[in-house]
Amino acid sequence: MNHTEESLSSPDVPLYVNAFTSTENGEIIVILRGKEMNFFRWMTERVGWGFFDPHGLIDHRFGGLFQAASEGILWKIENEFFKYPKINKVRTVGHGDGGVYAILTALLLLQLNKPDLDVQVYTFGQPRFTNPKLTIHINKVLAGKIFRITHTDDNIPQIPLKKPNVKYSYWHLEREYWISSICDCSTGGANLDENLLSMYIVYECVGKIITGTGLIGVIDENPECNRGHQEDKQLATASSHFGPYFGSIMGICPQNL
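Residues numbered from 1 in each chain as written. Predicted model: local features only at pLDDT ≥ 70, side-chain atom pairs only at ≥ 80, totals over all residues. Heavy atoms only, no water.

1. Overview of the pattern of salt bridges
- All chains considered together, the criterion is met by 10 salt bridges.
- Here E80 and K83 are joined by a salt bridge, their closest N and O atoms 3.2 Å apart. Here E80 and its partner K83 are both found in helix α2 (residues 60-83), 3 residues apart, which amounts to about one turn of the helix.
- Judged by its relative accessible area of 0%, E80 falls in the buried class.
- As a salt-bridge pair, D220 and K162 come within 3.3 Å of each other at their nearest N and O atoms. Linking D220 in strand β12 (residues 219-220) with K162 in the loop between β8 (146-151) and β9 (176-181), this pair joins segments that are 58 residues apart in sequence.
- Within this structure, E27, R91, D118 and K145 form a network of salt bridges that share partners. (Salt bridge = Lys/Arg side-chain N within 4 Å of Asp/Glu carboxyl O. Helix = DSSP H or I, 4+ residues; strand = E, 2+ residues; numbered from the N terminus. Buried < 20%, exposed > 50% of the residue type's maximum accessible area, 1.4 Å probe, protein only.)

2. Side note on the nonpolar core
- Ranked by size, the top nonpolar core spans 33 residues in total, and within it L104, F129 and I138 carry the most contacts.
- Elements with a contribution of two residues or more to this core: β3 (27-33), α2, α3 (97-109), β7 (118-124) and α4 (132-141).
- Per element, the largest residue contribution to this core is 9 residues, and it comes from α3.
- Apart from residues lying up to four places away in sequence, I138 is in contact with I103, L107, F129, T130, A143, I146 and L173. (Core = buried A, V, L, I, M, F, W, Y, C linked by side-chain atoms within 4.5 Å. Contact = heavy atoms within 4.5 Å.)

3. With respect to the side chain of E221
- Its place among the elements puts E221 in the segment after β12.
- Here E221 falls in the buried class, since its relative accessible area comes to 6%.
- At a separation of 3.0 Å, a polar atom in the side chain of E221 contacts the side chain of R128.
- Within the structure, E221 has its side chain in polar contact with the side chain of Q158 (distance 3.5 Å).
- The contacts of E221, once residues within four sequence positions are left out, are R128, R148, Q158, K162, H172, G207 and R227. (Polar contact = N/O pair within 3.5 Å; in protein donor to acceptor, adjacent residues only side chain to side chain.)

4. A look at α4
- By the burial criterion, the buried members of α4 are P132, L134, T135, I138 and N139. With its buried residues spanning 155° around the axis, α4 presents them on a single face. (Arc of directions from axis to C-beta.)

5. Let's talk about the pairing of strand β6 (residues 89-95)
- Where burial is concerned, most of β6 is hidden: 5 out of the 7 residues are buried.
- Sheet topology places β3 next to β6; 6 bridges connect them, and they run parallel. Paired with I29 across the bridge in β6 is R91.
- The sheet contact formed by β6 and β7 spans 7 bridges and is parallel. When the sheet's bridge partners are listed, G94 is paired in β7 with T123.
- Viewed along the sheet, the connection from β6 through α3 into β7 turns out right-handed. (Pairing = 2+ DSSP bridges. Right-handed = clockwise from strand over helix to strand, strands pointing away.)

6. Observations concerning the packing of α2 against α3
- The interhelical angle for the contact between α2 and α3, taken along N-to-C directions, is 55°, at an axis separation of 10 Å. By the angle between their directions, the pair α2 and α3 is classed as oblique. By crossing handedness, the relation of α2 to α3 is classed as right-handed. On the side of α2, the interface is formed by R61, F62, L65, F66, S70, I73, L74 and I77, while α3 contributes D97, V100, Y101, L104, T105, L108 and L109.
- Taken together, the residues that form the contact of α2 with α3 break down as 11 nonpolar, 2 polar and 2 charged. (Axes fitted to C-alpha atoms, helices over the stretch in contact; angles between N-to-C directions. Parallel < 35°, antiparallel > 145°, perpendicular 65-115°, else oblique. Left-handed = near helix turned anticlockwise from the far one by under 90°. Nonpolar A, V, L, I, M, F, W, Y, C, P; charged D, E, K, R; others polar.)

Note that every value here comes from positions in space, so none of it alone points to a role or purpose.
Okay, structure coming up:
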């Protein structure tokens, strides 16, 4: 399997992009990573939109960073297209706030003049970042292309917190794939057992359509999945943020296991 790998980073922009191309599978995989997710940092930072997309609102903590890095991201992907002109499949992947950037990258790719482009997005433990209006737009243009994966009671997907006013609240995209671990593997440290890591159940969580908001197509999160399994609705376990996802721990260096 042939592949190339390159990182794009800037000391002034804490957004890191790794991309590699697998000519065997015929896909360009773009992996995005942002700042380390911390629930308490989010709870103390200023909450606000601050970044305006033509179709809705994006949280200021994501919009500005992505805008600064988007040119470099697009350059990298177009360079892969140039080297592999027969490849038309792009998979954007991100863990934590990297999942937000994976979605925004997919939207960026849809603006390219490539009618045969096949884009899919995979996010793991992604926080909320849009208002309902933009969520409706993304659900439409990337219908069936987004796989938002959550793990047990991970609290990161539940921030920023929802607001009473639906139109100006933070919202999630459809649809969620919730991993329910059979064992409590997320805090096992050095005692993690590979056999236990592979024990999980994945639920496809379809949201509920919300009416009376003045917006058509607003879908709320399924309360039976990640949202409904918070130990303290606002202060659940941050350790679950690292998985395991399909048998793998994310966001922790191997030497720390």
